[in-house]
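If you want the building blocks of each chain, they are given just below.
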Amino acid sequence: MTLILNKDSAVLQGAFLQADKLCYPSSLSSIQKADWSHVGYPILQAVWQICGQDEPNLEALTWKKRIVCAVWLKLLCTEAEEDVEEAWREIPFFSLLNSLPKVNYVVLLELVKSTTAAHIFSSFLLHLPQPQICAELERLTGHIMRDPTKEDDVSFFLEVWWELWKGQAEPTEREKESTEMMFANRFAHLSLKSSSISPQASKRLKLDSPDLFSSQANTDVLHILLYALKNMTSHLSSVEVFFKALSISLDAIYTSFLIDEEVALPAKEKLHIMCNFISTRKNEKLSPELIQKFQRELHATNSPSRFKPNRIKLSEALRVITELAQIWQERGFVHDSSIPSALQLEQSVQRVLTSLDKDKDEAVAVAEKNALRGLLKSLALPATDSSPEAHLQVTSTIISHRLEDYENFVKLFASETSWAQFDELWMECLEKNPTAFRQHSTLISLSSTLMNKLHKENSNVSQSRKLMKIIADIFSSLSIEDKNKALAAMLRLSSRGFFGCSVPPAVTDGFEKELNMAFNCIIQGGGRASEAVSQGNLTTAVSLVGRVAFQNPEATLRSCCHSAVFNKGAFTLIAKILQELPGLLSQRGGKDRKHSKETMRSTERGSSLLCKCLQETVGNKSLSVSEKEQFLKFLGLLMLPDVVYEEEGKRQSCLTPQEVVNTFILPNLSALGHSNVEAELSLQLLHSALSVDVQQPVRSPHWVLDCSPFPLLYVLAQLYNQTLRCWEQHPESPTHLHSMDIKELLVSVLTTLGQVVGAEVAVAPSSWSRSLFWLYNKMDELDWTVRFHLKPVWGQHFKNEVPSSLLAVCELPEQEWSCLDLPQYGQGTGLLAWMECCSVSDSLQSIMLSGLSLDQCRLDHVSMFSKGLLVVLTQTLPWCSVSQWTRLLRALRELITSGRLNVPFSLEYVDYLPLLDLRRFSCELRLSVLLLRVFQLLCGSSCSHWLSADGWAHVCRLYAHAVREMIKFLKAKLPLPSPGTEIVSVSLSPKPPVSGHLNPILTTIKAPKMHKDAGNAPQKSKESHMEEEVEAAPSQEVLFVLSQLYCHVQHIQVMMPGGQSEPLFLCSLEVLSYYEAIIAAFPDSCSVLESDNTRLFFSTITDNLNNQEMKDVLQQKITQLV
């Protein structure tokens, strides 16, 4: 930095030269203190001209600092005999400094005192090492004690003292580099140089300050200052300076001896102190600068001093103070409560006494304490209490100008509800400083104030709406983490937010519009989109929902639930929004979660509020299929553990499965006998809840135990029992028997729930013994097969109970099985019970098959068993679910394969069996014939009245399932070649004569030739070569089986009541499609003539259908078989 010699510098230079002339025949380098009043006026006049005499601005303070620095460095350079060539390079103020005449310390100190630059002088001191600070303070005290010593000298001394204690105000980076640091560096350099100057110079230095160098340097700042003050006692004449001196010295003792770290005062206490100080400054206008000044004062009195005493002790320091107080009291000083320093002194005495009483330091004599108490009593200042409006003004100023500790004053502002009565000032602070209030705790305090305003009888609607908007804007600017904290806190206040009590209609209408607009934007912006919601859309949606949710959580949750259920595709986005806003639902996260009752109440309130809104949404409404589906998917997403709580690092769900079961499932499932109960929906919900991975610790009890598990199992068993009699229901019956559609779901839920409960019972069987026996006894009311579905619950506690007739056809160990005397299972029903057991579970089926009592060596036994099985299969089929039917089909295949079930294959659709190897397809052909016989019995006159229209539709679906299973088996035997693969077939035998009454495909046999690229293979015999080709692609055999299968399906469809079974019609199309695919893949499987005959044959069979539309479609498909 280079200081140009400008106009101001010239003015200052001229003033110093003029003052130097006024000293003639002496000079400024040798004047005494008493001479300053005669010669200092030109200098002061120039300083006032440059810096001004009004309120100092930044430029004026900068100039004053430069002047003090230049004069001080001029003095040091002169004493150290600084080389000009070196100085001009190192000193930025060299042009100004070099233009000044030589000066001494009298000029420096009197200039600082006269220009009220004590804070600048102290700021330079603070950048020096403590020994040099002490040396400079010795110079200062020596100068002040020289005649003439006036009270303004003492005031100057106290100002320097207190500025040192307040410490250096935070300078700018530029000031650090250009002024203070430059001064400290030059001071250190010049001090080092002056220590090595000539003896003459040393002698001259000693004459200027005779007591600068005593026998031993004193480096205790407090010791120097206290004893200097004691020596100045005779020069104190005013109460103001007396109070100020005592206050500063007591604060110095307090910060040097009695505290080790900064005393953190609450914002409210700070505000009270500042307002009391300001009330004594009636001639000063409230401003940020004034508040900053008080804040520095307050900080200095509550922070440990940087000058730690190394010479003076606490007792000695207190003795000096009490002696001074006693001397001044003896002089008859009368206190004046209007003096600002009186209040400051009272607080200083209180701080020291309070700290001494706490420490119980025996080194401090009782006399000193009593003297301080006497001083405090003599002050006896009246209690001061500033008005709330004054507190609000000061707080608003601190917040608006972001002064020290403004964050805590923001919290104070928000929590002081009484300040809100000053509407204009209070609202102005909020409107101008919204960013200062961006903390969730502050936001909640403001919300409480708003709620108080809204609930008043004569509330200002316009102002309330404006405040609500400000609060909502502040909420929108929070981070997502703070938003959730604010939502949880609002939920603790009121589930209806600002609208917990009666609110003016205008305010309510405004919120309703904002709520509707928010959800309209969400739905239009991405609510109807696919499940892949963009992050941008999600962030916007979360912000919109969070904003209205903070104002009214309940109304927002209600809108969320309505949108999720009734707006197509919106459930995914709404679920993601709620997962991003766990604070709106509950507060499961947090370090104090297990110990905070308030947090637990918030959890219950948030979760129950969501459940309540969901209940209101679906209520008693008749939901469409798509709405039920959306409701199920929405709850399924809410139960997923997708909400991350960072403090615990765990994923949790918006709704726990336990909450869903207790709220939506138990009440509905317990309402048996009512036709309007959505049992299927409840079961689907229960299935979803049981499927959720809740990530609980292994040792913790399962959440199902909190959902009345044994009564729930009993209700589910009752529902399952009803499905066993579903086709027995009469239209006029008041009891609603649930259909076969939910039987699969019931079995799945019973199995899963039974496994969970069984695992818990196994851990502590004695704890659950009563419940276990209660449930087991309740099963006596239900069908005997129900107990097998609860086998995981029973474990090894009970035997398997079956009808006694079963034991006649199946060998079962007595240790595990016992018999039941059931009236409906009399003699000859053992095979029926056996068949029902085979359909219950895979493990039970395995036991039944292995224990079946059948002598295969006796053909009459096998024949009797086969006939009986046909009858019981006819009895069992209509009451089977799809999974049970699949299980029975597997058992039938096992019986046919093992030779225990004899199913004669009759040639109902051909005159004679073609010359084909059908051994590989024997099981499928026999199974198809067996099912045909079953339906012939079922559709006969003795059984046709068993089933209702729904029952017939169900058995058709079961038969269609069996047909598809057989087609799947055939496809596995004959995989169709991929496109482009060439298949060539050869004839294995001459064609027999073709009969016009027969299906021609059944009268020929061909096998495909080898692929043409197999010519390099080793030569084999003709017979083995042909056998290998037949094994690879038995296309003619598959075509034969498909033709038989098609005939059986058509036969059964014609027998069905009405002949309009859609599942069988679709099965016929599948058979024809596969038939067509084989012909296309293996064109040599049949000739053109054979194809024509096949079409004619199929067409003739199809003509028997009653439904013309189905017939036309099948006929059209048949014509495509080329």
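Values in this document were obtained by computation on a predicted structure and should not be read as measured data.

Asks: Sorry, what's going on with the overall build of the protein chain here?
Replies: Within the protein chain, the regular secondary structure consists of 49 helices and six strands. Considering the protein chain as a whole, with its 1122 residues, one finds that 52% of them fall into the buried category. Taking the intrachain contacts of the protein chain between residues at least 6 apart in sequence as the baseline, contacts between residues at least 24 apart amount to 77%. Summed over its atoms, the accessible surface of the protein chain is roughly 52400 Å², and 52% of this surface lies on carbon and sulfur atoms.

Asks: Even after reading the chapter, I still don't get the side chain of S1068, so can you show me in this structure?
Replies: Mapped onto the secondary structure, S1068 falls in helix α47 (residues 1062-1081). Aside from chain neighbours lying at most four places away, what touches S1068 is Y1046, V1049, Q1050, Q1053 and L1114.

Asks: Can you walk me through the packing of helix α9 (residues 130-145) against helix α13 (residues 221-231) in this structure?
Replies: Between two packed helices, the angle of one axis relative to the other and the distance separating the axes together describe the packing. It is at 10 Å that the axes of α9 and α13 come closest, and there the two elements cross at 5 degrees. What the angle tells us is that α9 and α13 run roughly parallel. Counting all contacts with α9, which are made through Q130, C134, L137, E138, T141 and M145, the residues of α13 involved are V221, I224, L225, A228 and N231. Of the residues belonging to the contact of α9 with α13, the class tally is seven nonpolar, three polar and one charged.

Asks: Honestly, the side chain of Q344 in this entry has me stumped. Any pointers?
Replies: Within the secondary structure, Q344 sits in helix α18 (residues 340-359). Classification of Q344 as buried rests on a relative accessible area of 18%.

Asks: What is the right way to read the pattern of salt bridges from this model?
Replies: Counted according to the given criterion, the structure contains 38 salt bridges. K166 is paired through a salt bridge with E297; the nearest N and O atoms lie 3.6 Å apart. In this pair, K166 sits in helix α10 (residues 151-166) while E297 sits in helix α16 (residues 288-301), placing the two residues 131 residues apart along the sequence. Comparing K166 with E297 shows no difference in burial state: the two are buried. The closest approach of N and O atoms between K268 and E416, which form a salt bridge, is 3.1 Å. In this pair, K268 sits in helix α15 (residues 267-280) while E416 sits in the loop between α21 (406-415) and α22 (423-432), placing the two residues 148 residues apart along the sequence. Members of the salt-bridge network, linked through shared partners, are K33, E110, K113, D152 and D153.

Asks: How do you make sense of α9 when you look at a structure like this?
Replies: Note that an α-helix has 3.6 residues per turn; residues three or four places apart therefore point the same way. Its 16 residues give α9 an end-to-end C-alpha distance of 22 Å, which sits within 8% of 22 Å, the value for a rise of 1.5 Å per residue. Among all positions in α9, only Q132, I133, C134, E136, L137, R139, L140, T141, G142, H143 and I144 are buried.

Asks: Quick question: what am I supposed to make of the packing of aromatic side chains here?
Replies: Taken as a whole and assessed by the stated rule, the structure comprises 33 aromatic pairs. Summarising the aromatic geometry, the rings of W72 and F124 are spaced 6.4 Å apart at their centres and angled 90 degrees between planes, so their arrangement reads as edge-to-face. Separated by 52 residues along the polypeptide, W72 in helix α4 (residues 58-80) and F124 in helix α8 (residues 118-125) bring together distant segments of the chain. A single burial state applies to W72 and to F124, both of which are buried. Ring plane angle 50 degrees and centroid distance 4.7 Å describe the contact between F124 and F183, whose orientation is recorded as tilted. You can see F124 sitting in helix α8 and its partner F183 sitting in helix α11 (residues 173-194), a full 59 residues away along the chain. Neither F124 nor F183 differs from the other in exposure class; each is buried. The rings of W72, F121, F124, F183 and F187 are connected pair by pair, giving a single aromatic cluster. Geometry around Y776 places R787 over its ring, the cationic atom sitting 4.2 Å from the centre. Here K971 stacks its cationic end above the ring of Y1074, 5.4 Å away from the centre of that ring.

Asks: Would you mind showing me how to read unusual backbone geometry here?
Replies: As a rule of thumb, non-glycine residues mostly have phi less than zero, and peptide bonds are mostly trans rather than cis. Residue P25 is bonded to the preceding Y24 through a cis peptide linkage, with omega at 15 degrees. Checked against the element boundaries, P25 lands in the loop between α1 (7-22) and α2 (36-39). A cis amide bond, omega -5 degrees, links D147 with the succeeding residue P148. Checked against the element boundaries, P148 lands in the loop between α9 and α10. Despite not being glycine, T116 has its phi angle at roughly 50 degrees, a positive value. Checked against the element boundaries, T116 lands in the loop between α7 (105-114) and α8. Phi is positive for D405, close to 60 degrees, though the residue is something other than glycine.

Asks: Help me out: how do you make sense of helix α25 (residues 480-493) in this one?
Replies: The terminal C-alpha atoms of α25 lie 20 Å apart, and with 14 residues this matches the ideal 20 Å at 1.5 Å per residue to within 8%. Of the residues making up α25, those classed as buried are D482, K483, N484, A486, L487, A488, A489, M490 and L491.

Asks: I'm lost on the environment of V1054 in this one. Help?
Replies: Residue placement: V1054 occurs in helix α46 (residues 1035-1055). When the C-alpha positions of V1054 and N1104 are compared, they lie 6.8 Å apart, and in sequence the two are 50 residues distant. Those residues within four positions of V1054 in sequence are excluded, and the remaining contacts are N1104 and L1105.

Asks: Whenever I open this one, the confidence of the model for the protein chain confuses me. Can you help?
Replies: Predicted coordinates in areas of low pLDDT are best not read in detail. For the protein chain, per-residue confidence averages 82 on the pLDDT scale, and 82% of positions sit at 70 or higher. In the model of the protein chain, strand β6 (residues 1006-1008) stands out as the element of lowest mean pLDDT, 31, in contrast to helix α42 (residues 882-898), which has the highest, 96. Counted against residues more than four places away or in other chains, residues 1-5, with its pLDDT under 50, gives 14 contacts. Confidence drops under pLDDT 50 across residues 673-677; counting only partners more than four residues distant or on other chains, this segment forms four contacts.

Asks: Whenever I open this one, the packing of helix α44 (residues 949-973) against α47 confuses me. Can you help?
Replies: Contact geometry of α44 with α47 gives a least axis separation of 9 Å together with a crossing angle of 15 degrees. One way to sum up the angle between α44 and α47 is to call them roughly parallel. Relative to α47, α44 is oriented so that their crossing is left-handed. Across the interface between the two elements, C956, R957, Y959, A960, V963, R964, I967, L970 and K971 of α44 pack against P1063, L1064, L1066, C1067, E1070, V1071 and Y1074 of α47. Considering only residue class, the contact of α44 with α47 consists of 12 nonpolar, no polar and four charged.

Scoring rules and cut-offs
- Residues numbered from 1 in each chain as written.
- Predicted model: local features only at pLDDT ≥ 70, side-chain atom pairs only at ≥ 80, totals over all residues.
- Heavy atoms only, no water.
- Helix = DSSP H or I, 4+ residues; strand = E, 2+ residues; numbered from the N terminus.
- Buried < 20%, exposed > 50% of the residue type's maximum accessible area, 1.4 Å probe, protein only.
- Contact = heavy atoms within 4.5 Å.
- Areas by Shrake-Rupley, 256 points an atom, 1.4 Å probe, with all protein chains shown as cover.
- Axes fitted to C-alpha atoms, helices over the stretch in contact; angles between N-to-C directions.
- Parallel < 35°, antiparallel > 145°, perpendicular 65-115°, else oblique.
- Nonpolar A, V, L, I, M, F, W, Y, C, P; charged D, E, K, R; others polar.
- Salt bridge = Lys/Arg side-chain N within 4 Å of Asp/Glu carboxyl O.
- Expected span 1.5 Å × (residues − 1).
- Phe/Tyr/Trp six-rings, centres within 6.5 Å; stacked < 30°, edge-to-face > 60°.
- Lys NZ or Arg CZ within 6 Å of the ring centre and 35° of its normal.
- pLDDT = per-residue confidence, 0-100.
- Left-handed = near helix turned anticlockwise from the far one by under 90°.

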